[in-house]
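So you can see what is in the structure, the chains are spelled out below.
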Amino acid sequence: KCLWNPLCYDCVSAKVFAEAGADIIAVSGYGISMGMLGLPDMGFISLPELLAVTRSIANSVDTPVIADADTGFGNALSVLRTTREVIQAGAAAMLLEDQLAPKRCGHMSGKQVIPMEEALGKYRAAVEVRNELDPDFILVARTDARGAVGGSLEEAIRRANAYLEVGADVAFVEGLISEEEIRRVVSEVKGPIVYNMIGISPLVPLDVLRDIGVSIVSLGNAQWAAAKAMWDYAHDLKKRGVEAQLDYMQGLKGHRLEEFHEFAGFPAMKALEERFLPKDEVQRKYEGSLGYKPS
């Protein structure tokens, strides 16, 4: 099976993808950097910021969540702490990469990777904590060696296999630039493969990727799509005012998000109130006030 792995950046995007039927949901480091800091993905986020977003997302959906731990926020000793805290945050898996810190988006130029022996120490550290705390926790080993300074596809394949040999579960070769390269990675790397279909990597039909043997397909345009929708909405409001708002509301008719309060979970919260709070109190506050009333 080829798993659909969209990249989210907050609880709303995670809940949308969960309802859409995502097999797994990745928390995007790029998304955290833009969403929390308004900064590009160039190594600005910290472990506490990663944990805060990952924890809230993991608690908002039942779909398994992959945390993006970037370079592990330091050396192998730092990775010991990072892995422990990501597991405790409720993630089902963690991505760890071999870029030189401060890292940057894998589809930007200027990437550098650390020596393979140093990277292996980080993966061994993550494996040790995983085995101690949660043997079912999945470690995704990402290598950026394909497009880094002095890198090559051969070096990326060599590193991916080495990371799997020390205990990583899944290999993620970032920045592939052709279907031929995808086929080589699947053929030569001895483990499940993530393909990140964004940026410099080609758009390939999912059935083709499934036939090639890709295990996980990551799709990372969610924040871009949301930002475009918000951009268009904001500029239309500025230009047309209430008429824009009326048109927008009309366009929501019959849509799942027409009643956003329902999507947000108010009916479920009302059901919990009825279970755990005095029934007279619940009835009185809903019947004696104005506003949306959950069914």
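Residues numbered from 1 in each chain as written. Predicted model: local features only at pLDDT ≥ 70, side-chain atom pairs only at ≥ 80, totals over all residues. Heavy atoms only, no water.

Caption draft 1: Geometry of the sheet that holds strand E5 (residues 138-143). Taken in spatial order, the 8 strands of this closed barrel run E1-E2-E3-E4-E5-E6-E7-E8, and their pairing is parallel. When the angles between neighbouring strand axes are averaged without regard to direction, this sheet yields 25 degrees. Where strand E1 (residues 3-8) and strand E2 (residues 25-27) come together, 2 bridges link them in parallel fashion. Note on E2: the bridge partner recorded for Leu-7 is Ala-26. (Pairing = 2+ DSSP bridges. Helix = DSSP H or I, 4+ residues; strand = E, 2+ residues; numbered from the N terminus. Axes fitted to C-alpha atoms, helices over the stretch in contact; angles between N-to-C directions.)

Caption draft 2: Spotlight on the pattern of salt bridges. Under the defined criterion, the tally for this structure stands at 24 salt bridges. Salt-bridge contacts for Glu-19 lead to Arg-256; the nearest nitrogen and oxygen are separated by 2.8 Å. Of this pair, Glu-19 sits in helix H1 (residues 11-20) while Arg-256 is found in the loop between helix H10 (242-251) and helix H11 (260-264), placing the two residues 237 residues apart along the sequence. A salt bridge links Arg-158 to Glu-155; its shortest N-O distance comes to 2.9 Å. Highlighted residues: Arg-158 and Glu-155, both in helix H6 (residues 153-165), separated by 3 residues, approximately one helical turn. Each of the salt bridges in this network shares a partner with another, and the network as a whole consists of Asp-41, Asp-70, Glu-97, Lys-103, Arg-142, Asp-144 and Glu-174. (Salt bridge = Lys/Arg side-chain N within 4 Å of Asp/Glu carboxyl O.)

Caption draft 3: Broad picture of the packing of aromatic side chains. Considering all chains together, one arrives at 5 aromatic pairs under this definition. On the numbers, 6.0 Å between centres and 85 degrees between planes, the contact of Trp-4 with Phe-17 is edge-to-face. Taken as a pair, Trp-4 in strand E1 and Phe-17 in helix H1 lie far apart in primary sequence, 13 residues in all. Since its relative accessible area comes to 16%, Phe-17 is described here as buried. (Phe/Tyr/Trp six-rings, centres within 6.5 Å; stacked < 30°, edge-to-face > 60°. Buried < 20%, exposed > 50% of the residue type's maximum accessible area, 1.4 Å probe, protein only.)

Caption draft 4: Structural detail: the side chain of Asn-196. You can see Asn-196 is positioned in strand E7 (residues 193-196). Among the polar contacts listed, one links the side chain of Asn-196 to the side chain of Glu-174, at a separation of 3.2 Å. In this view, Asn-196 contacts His-107, Phe-172, Glu-174, Ser-201 and Ser-218; residues no more than four positions away in its chain are not counted. (Polar contact = N/O pair within 3.5 Å; in protein donor to acceptor, adjacent residues only side chain to side chain. Contact = heavy atoms within 4.5 Å.)

Caption draft 5: Inspection of the packing of H6 against helix H7 (residues 179-188) at higher detail. It is at 10 Å that the axes of H6 and H7 come closest, and there the two elements cross at 30 degrees. Overall, the two elements H6 and H7 adopt an arrangement that is roughly parallel. Between H6 and H7 lies a crossing of right-handed hand. Only Glu-181, Arg-184, Val-185 and Glu-188 of H7 make contact with H6, whose side of the interface consists of Leu-153, Glu-154, Ile-157 and Asn-161. Broken down by class, the residue content of the contact of H6 with H7 amounts to 3 nonpolar, 1 polar and 4 charged. (Parallel < 35°, antiparallel > 145°, perpendicular 65-115°, else oblique. Left-handed = near helix turned anticlockwise from the far one by under 90°. Nonpolar A, V, L, I, M, F, W, Y, C, P; charged D, E, K, R; others polar.)

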